[in-house]
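Geometric and topological summary
Residue strings, one per chain:
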Amino acid sequence: MTHQAKKGNRSMRKLLAAVIAAAIVGTPSVAHAAPEPTAPPAAVKQSKPDGTIAGSLRAGVKPMADRNGLFYVYSDDMGSDQTYAGNSTQWPTGWNDKVDQLWNNGFPGSQDDVNIYDYPWHVGAYACIGNGDFWNLREDDYVFSWTHAHDDSGFELDPLWETVHDRGTSHKWVDWCGNNNTL
Amino acid sequence: MRAPLRVGILVAVLMGSGCTPAPDKPALDVLHRAEEVLVRDCMARQGFTYEPRPRTPAPDVERFPYVVDDLEWARANGYGRAERRQLEQEASSTASYYGGLPKEQQKAWLAAYHGDRASGLKADLPFGGTVGHSDQGCAARAWQDLYGDMREWFRVSRITDALGQMRVGQTSRDERYVAARKRWQECMSAEGFAAGAPLSFRIQQLEYEGADAEARDRAAAMSEARCAARSELSTVARQLDAANASALEKKYRAEYDTAERLRQAALPRARDVLTRSSDHLVSQ
């Protein structure tokens, strides 16, 4: 598959994820599996379709109070930050899939770390930036290091070990970095 | 989550595994309390309020990073809801104060605590990325005062924190763990609970806030503990975790040794800080 075809495929999957997520907003929470924390890079997991994403999506739509403090998402293309006191289910055009820097300037306390997801609605593999930390993504060295797995989702959306640079799409404040996706 | 909590989770697992020398928990508590006092004093010098916080908002995760496997603890504590609530209350005073500040003052408070956006401190993470952090705020100043070298402390503490995450990831993806988790799921189903994975099941239970929440917690947690034994998930997780911890410690020996050396050197300073401050923050 060519790079262009892969990119188009991924865009379609992101769009589909957003559509499905929008369709199930407001549905009651159901049992869902934990995200699966990742193995070291030697155990690269390839994307593959299997299941539905409903469980994962429901885990991500829990209403959250606004954070005190801000999470900064910077895009070179736009030359500016998006700043968030709360969660975002999808960054706007120009930052979505275009992120170059992240800064967690959140208030230290509960839910002061931030998960960054490859897909809208906090779906797919994710990386986590700690409170006070700054990431320059331009070297393509940060990767999505955690992922959902073994749930009943039917749509494999985890680009594990793909770079966060120009791929991040949504974020959520969490209590700690690691196996925390449903918090 | 600040570094001491991350270290605490690491320590909990390593101590449970029984295979890797790890910093003892009382020492970590002393270091954490001293760091919090140093941050408080630094913030006060800039005209801001900061009250020392507990080391972790979720001690149950420290105790049981994979599955609740202590039946008696589960019988007494459920999933630790009461303890979480108490710790949340202890941590709420600074948040309330901060929430009442005008927006510009909130920005100034954050700048005083975190510093600026520049990355004066850096650490190359074992799974990629060079994480940066300001060296200008009260958080970094407290690391300098306590550990004597904020740059080295930031570097090795971030790396060993990340290794703790890697270890949990390695364990959870191991096919032996996955097989045991499936047996655990079947056992939980037989007990009347639809559980995907232990931690998400715990989170799901804690999200319920009805009047009977604690009673429901205890019932679920006790089933979880029984199933952890029957399925051998507890044993498998501990064995794999110990093996993975040992392998990572061998590979990153220098970072672990440096972190421990800095902690040991910081302990006398930490005790001195606490003595002088007469602070009595409840340790975790």
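None of these values were measured; they are calculated from a predicted model.

Parameters at a glance
Residues numbered from 1 in each chain as written. Chains lettered and ligands numbered in written order. Predicted model: local features only at pLDDT ≥ 70, side-chain atom pairs only at ≥ 80, totals over all residues. Heavy atoms only, no water. Helix = DSSP H or I, 4+ residues; strand = E, 2+ residues; numbered from the N terminus. Buried < 20%, exposed > 50% of the residue type's maximum accessible area, 1.4 Å probe, protein only. Contact = heavy atoms within 4.5 Å. Areas by Shrake-Rupley, 256 points an atom, 1.4 Å probe, with all protein chains shown as cover. Salt bridge = Lys/Arg side-chain N within 4 Å of Asp/Glu carboxyl O. pLDDT = per-residue confidence, 0-100. Pairing = 2+ DSSP bridges.

The helix and strand inventory of chain B stands at 14 helices and two strands. Taken across its 284 residues, chain B has 58% of its residues classed as buried. In chain B, the proportion of contacts linking residues at least 24 apart, taken out of those at least 6 apart, comes to 72%. For chain B, the exposed area adds up to about 11,700 Å²; of that, 49% sits on carbon and sulfur atoms.

Our focus in this paragraph is the pattern of salt bridges. Residues and elements named next belong to chain B. The tally for this structure, following the rule as stated, stands at 29 salt bridges over all chains. Residue Arg55 is joined to Asp29 by a salt bridge in which the shortest nitrogen-to-oxygen separation is 2.9 Å. With Arg55 in the loop between helix H2 (25-45) and helix H3 (59-63) and Asp29 in helix H2, the pair connects residues that are 26 residues apart, well separated along the chain. Judged by its relative accessible area of 1%, Arg55 falls in the buried class. Between Arg253 and Glu249 there is a salt bridge, with its nearest N and O atoms 3.1 Å apart. Classification of Glu249 as buried rests on a relative accessible area of 9%. Because the salt bridges share partners, they merge into one network encompassing Lys25, Asp29, Arg55 and Glu62.

This paragraph deals with the confidence of the model for chain B. Low pLDDT marks stretches whose predicted atomic positions should not be read closely. Residue and element names in this part refer to chain B. On average, residues of chain B score 88 in pLDDT, and 90% of them are at 70 or above. When pLDDT is averaged over each element of chain B, helix H8 (residues 138-147) comes out on top at 98 and helix H1 (residues 3-17) at the bottom at 42. Considering only residues more than four positions removed or in separate chains, one finds that residues 279-284, a stretch of pLDDT under 50, has 20 contacts.

All names here are of chain A. Within strand S5 (residues 113-119), seven of the seven residues are buried, which leaves it mostly tucked inside the rest of the structure. One ladder, built from five bridges, connects S5 with strand S9 (residues 170-174); its direction is antiparallel. Considered in S9, the bridge of Val114 is made with Trp173. One ladder, built from five bridges, connects S5 with strand S6 (residues 123-129); its direction is antiparallel. Across the sheet, residue Tyr117 finds its bridge partner in S6, namely Tyr126. What sits between the antiparallel neighbours S5 and S6 is a turn of three residues, in which Trp121 has the positive phi angle 60 degrees.

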